[in-house]
Amino acid sequence: MTVARTGDLVAAAAARGAAAGAFNVVTLEHAEAIVAAAEAAATGVILQLSENAVRFHGGQLRPITAACVELARAAAVPVALHLDHVTEPQLAGEAGPAGFSSLMFDAGALPYADNVVATTREAARAHAAGLWIEAELGYVGGKPDAAQSAHAPGVRTDPEEAAAFVAATGVDALAVAVGSSHAMTTRTARLDAELIGRLRAAVPVPLVLHGSSGVPDDELRAAVAAGIAKVNVGTALGQAMTAAIRSALTADPALVDPRKYLTPARRTMTDAVAHVLGVLTRAG
């Protein structure tokens, strides 16, 4: 099968009232687990590599991306590749040649006017390369350099400003701040479904939810019903992987063969992805 395009998967999910699942890849085991879960669910999926993941791999985008491309080609379901949370224009320029069909350019930490300028420039460059581009407006908390809470006054995405931002920049999707936070290890986030609905009515492009690992199932279903079309998940996979490895090493402190602990880790991540895909499918 050929590698799918992110925009096609998001549009197809939105058309049936669901959301496309987009899962962060850090290691090859992550990518294998995500694809296995998607095949079991008979649904398309998006493999995401973040700028931080690229940094983890020594700043080399191509090796881990090549592995993801081969997994996507061999998969029995559509699999797309998305380069996430890019802040460096040089890395954004590598997305197309490496095999990605989309990227998220993250200038959300900048003042509004600067965000518009930077995002407009990158959107034009992405479109010239045939890429679908996502941007962020508002403040989704939880990043290591977080300066404020996702619940602080004024940080959530304003519908009128969002409509103006999309019109000015020409982006294809918009990540919005509606109450979730990155890197949450407890599922206690409470989303503003009413705000999501107003954003959906105001913004002519798909809405994206970041920080979804901390969102309970019922909140996630409500967000999709209100208009979220792409759901990003990362931390939940890290939790699953780490718990499985910790359990295996605790049970056998002499264990040195990584296959003995990475196999259950991959299986546990597959289960975590399958759960989210089930929620998104039922939401539709």
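My aim in this report is to walk through the structure given alongside it, one point at a time. (Residues numbered from 1 in each chain as written. Predicted model: local features only at pLDDT ≥ 70, side-chain atom pairs only at ≥ 80, totals over all residues. Heavy atoms only, no water.)

Describing the overall build of the protein chain
Argument step 1. Looking only at helices and strands, the protein chain features eleven helices and eight strands.
Argument step 2. Here the C-alpha atoms of the protein chain give a radius of gyration of 18 Å, agreeing with the 19 Å that 2.2 N^0.38 yields for 284 residues.
Argument step 3. With respect to the three principal axes, the spread of C-alpha positions in the protein chain is 60 × 40 × 35 Å.
Argument step 4. In the protein chain, which comprises 284 residues, the share counted as buried stands at 52%.
Argument step 5. For the protein chain, contacts bridging at least 24 residues in sequence account for 71% of all contacts bridging at least 6.
Argument step 6. As presented, the protein chain carries roughly 11800 Å² of accessible surface, and 57% of it is formed by carbon and sulfur atoms. (Helix = DSSP H or I, 4+ residues; strand = E, 2+ residues; numbered from the N terminus. Rg over C-alpha atoms; globule rule 2.2 N^0.38 Å. Buried < 20%, exposed > 50% of the residue type's maximum accessible area, 1.4 Å probe, protein only. Contact = heavy atoms within 4.5 Å. Areas by Shrake-Rupley, 256 points an atom, 1.4 Å probe, with all protein chains shown as cover.)

Describing the sheet that holds strand 8 (residues 228-233)
Argument step 1. The eight strands are arranged 1-2-3-4-5-6-7-8 in a closed barrel whose pairing can be described as parallel. Pairwise comparison of adjacent strand axes, ignoring direction, gives a mean angle of 25° for this sheet.
Argument step 2. Strands strand 3 (79-86) and strand 4 (102-105) of the sheet are contacted by helix 5 (residues 89-98), whose axis makes an angle of about 170° with strand 3. (Pairing = 2+ DSSP bridges. Axes fitted to C-alpha atoms, helices over the stretch in contact; angles between N-to-C directions.)

Digging into the nonpolar core
Argument step 1. Counting 83 residues, the largest nonpolar core has Phe23, Leu47 and Leu83 as its most contacted members.
Argument step 2. The greatest single-element share of this core, amounting to nine residues, is contributed by helix 11 (residues 258-283).
Argument step 3. When sequence neighbours within four positions are dropped, the list of residues in contact with Phe23 reads Ile34, Val45, Ile46, Leu47, Gln48, Val233, Leu237, Val273, Val276 and Leu277.
Argument step 4. In this structure, Ala20, Ala22, Ala80 and Trp132 belong to the second largest nonpolar core, which totals 13 residues. (Core = buried A, V, L, I, M, F, W, Y, C linked by side-chain atoms within 4.5 Å.)

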